[in-house]
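Read off the chains here:
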Amino acid sequence: MSSENLPQSPERAESPEPHGRKPRVAVVFGGRSSEHGISVVTAGAVMKAIDRTKYDVLPIGITTDGRWALTADEPERMAITDRKVPDVDRLAGASEGSVVLSVDPSSREVVYTEPGAVPKALGEVDVVFPVLHGPYGEDGTLQGLLELSGVPYVGAGVLASAVGQDKEYMKRVFISFGLPVGPYEVVRPREWENDPDAARKRIVDFAGEHGWPLFIKPARGGSSMGITKVDDLSGLDAAIEEARRHDPKFLVESLLRGREIECGVLEFEDGPRASVPAEIPPVTAHDFYDFEAKYIDSATGLVPAPLTEEQTAEVQRLAVAAFDAVSCEGLVRADFFLTEDGTFVINEINTLPGFTPISMYPRMWQESGVDYPELVDRLIQAALTRSTGLR
């Protein structure tokens, strides 16, 4: 992409909605995690939904090796085609240029540089809409950069993003706030590397107490990547290897028999509210609700979930309680099991849930009376009115 084709720098202004131009939203997507492709798909859906009469949009893709690239504003190229997810490298084309966001909080200037060329200012960004999933984006790292830069952003802050990404500490926080959590074990990198036999024995003892099958999953992953259902000891080592391919720290969880229920939380002017819940029915073509079931085979959930009024009220209460426990902002999707004895157990939260056309979070809010464009607009407006720093 040549510098001649880049957008012209708008006039500088000090307020989020300066006179003479629309607020500029930088949609940041892609990233270095294994969820890169799904992030691109989510970004395409968000960019389609942003009201261009109210906002200017600056698409910034992060390649798998971490380069910030300016991409064309072409959301139609950011969809799953032929069962393949898109990536930032293809969207950026042959361009070797990089986008740099200033870490000077007195300036929100974005600069574009190409090898051998004079850096070109693209103007100021008023708010960032991050749609990065997984490490290096959803885990507080990007949020920390934006805090240093003084740029408002959609979604949870540094602490809530980090806790929401790390399933071990997420569960610890839930337990400290009295939220119901299922049995689990954590194996940290040093434990596995220094004494794998002792770690393996702990897992086997856990299976002896809670029964097979077990789920082995990366501690800091998402989109069901790296998760394996293990029916007996023979599959344990391969499952651990697969989880550690995504994250050196992994979790071991027992099977909770029951129904999978999800609930969205959205921050309104008067505080967080819960959507109608959804149910993920058993996926017969897959062993569990894995990546292929979610994104490739377009598994459909039941929205709203067929629950009693009392069950609906309880899962909504727990979803908002989880949002507050982790000090979230903006949005959260909370995932539960409704066990056979009629109690809800929280599995995890997602501080940046998927926004693909088939994602459950926007579907739940659509059924709750907030359609996709309004949902995106509410998130942007909330971020514009929220300061960075301690709050």
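In case you missed it, the structure is sitting above this.
Since this is a predicted model, take the numbers as computed values, not measurements. Sequence positions are assigned chain by chain, starting from 1 and proceeding in written order. Residues qualify for local features only when their pLDDT is at least 70, as the model is predicted, and side-chain atom pairs are given and counted only at 80 or more; totals for whole chains, interfaces and linings, by contrast, use all residues. Only hydrogens and water are set aside when side-chain values are computed; all heavy atoms of the structure are taken into account.

Any two strands with at least two DSSP bridges between them are considered paired. Numbering of helices and strands starts at the N terminus; helices are DSSP runs of H or I of at least 4 residues and strands are runs of E of at least 2. Pairing is antiparallel in the open sheet, where 3 strands are placed in the order β4-β5-β6. The outermost strands of the open sheet, each flanked by one partner alone, are β4 (98–101) and β6 (120–124). Geometrically, the sheet is characterised by an average inter-axis angle of 25 degrees between neighbouring strands, direction not taken into account. Note: β4 against strand β5 (residues 109–113), 4 bridges, orientation antiparallel. The residue bridging Ser-98 from the neighbouring strand is Thr-113, located in β5. In this analysis an axis means a line fitted to C-alpha atoms, helices contributing only their contacting stretch, and an angle means the value between N-to-C directions, from 0 to 180 degrees.

In the sections that follow, a salt bridge refers to a side-chain nitrogen of Lys or Arg positioned within 4 Å of a carboxyl oxygen of Asp or Glu. Per the stated rule, a full pass over the model turns up 32 salt bridges. A salt bridge links Lys-171 to Glu-253; the shortest N-O distance between them is 3.1 Å. Separated by 82 residues along the polypeptide, Lys-171 in helix α5 (residues 167–176) and Glu-253 in strand β11 (residues 250–254) bring together distant segments of the chain. Judged by relative accessible area, which is 8%, Glu-253 ranks as buried. We note a salt bridge from Asp-237 to Arg-200, for which the minimum N-O separation is 2.9 Å. With Asp-237 in helix α8 (residues 236–246) and Arg-200 in helix α7 (residues 196–210), this pair connects stretches of sequence that are 37 residues apart. Sharing partners across several salt bridges, the network here consists of Glu-147, Glu-267, Glu-329, Arg-386 and Arg-391. Exposure is judged per residue with a 1.4 Å probe applied to protein chains only, and the accessible area is read against the type maximum: over 50% gives exposed, under 20% gives buried, and values in between give partly exposed.

Right, let's get into a nonpolar patch on the surface. On the surface, a nonpolar cluster with roughly 240 Å² of combined accessible area is contributed by Val-204, Trp-212 and Leu-233. Positionally, Trp-212 belongs in the loop between α7 and β9 (214–218). Patch criteria: residues need more than 30% relative accessible area and no salt bridge. Like-charged residues are merged within 9 Å; nonpolar side chains of Val, Leu, Ile, Met, Phe, Trp and Tyr are merged within 5 Å. Only the protein chains shown count as cover for residues, with accessible areas throughout obtained via the Shrake-Rupley method and a probe of 1.4 Å.

Take the nonpolar core next. We call a set of buried residues a nonpolar core when its members are Ala, Val, Leu, Ile, Met, Phe, Trp, Tyr or Cys and they connect through side-chain atoms within 4.5 Å of each other. Residues Val-27, Phe-29, Ile-50, Phe-129, Phe-355, Val-376 and Ile-380 are the most contacted members of the largest nonpolar core, which totals 36 residues. Within the residue set of this core, elements represented by two or more residues are β1 (24–30), α1 (36–49), α2 (88–92), β7 (127–130), β12 (258–268), α11 (360–367) and α12 (372–384). We call two residues in contact whenever any of their non-hydrogen atoms come within 4.5 Å of each other. The contacts of Phe-129, once residues within four sequence positions are left out, are Val-25, Ala-26, Val-27, Val-28, Val-46, Val-154, Val-376, Leu-379 and Ile-380. One finds Met-170, Leu-179, Val-315 and Phe-344 within the second-largest nonpolar core, a separate group that totals 27 residues.

The analysis is restricted to geometry; functional conclusions fall outside its scope.
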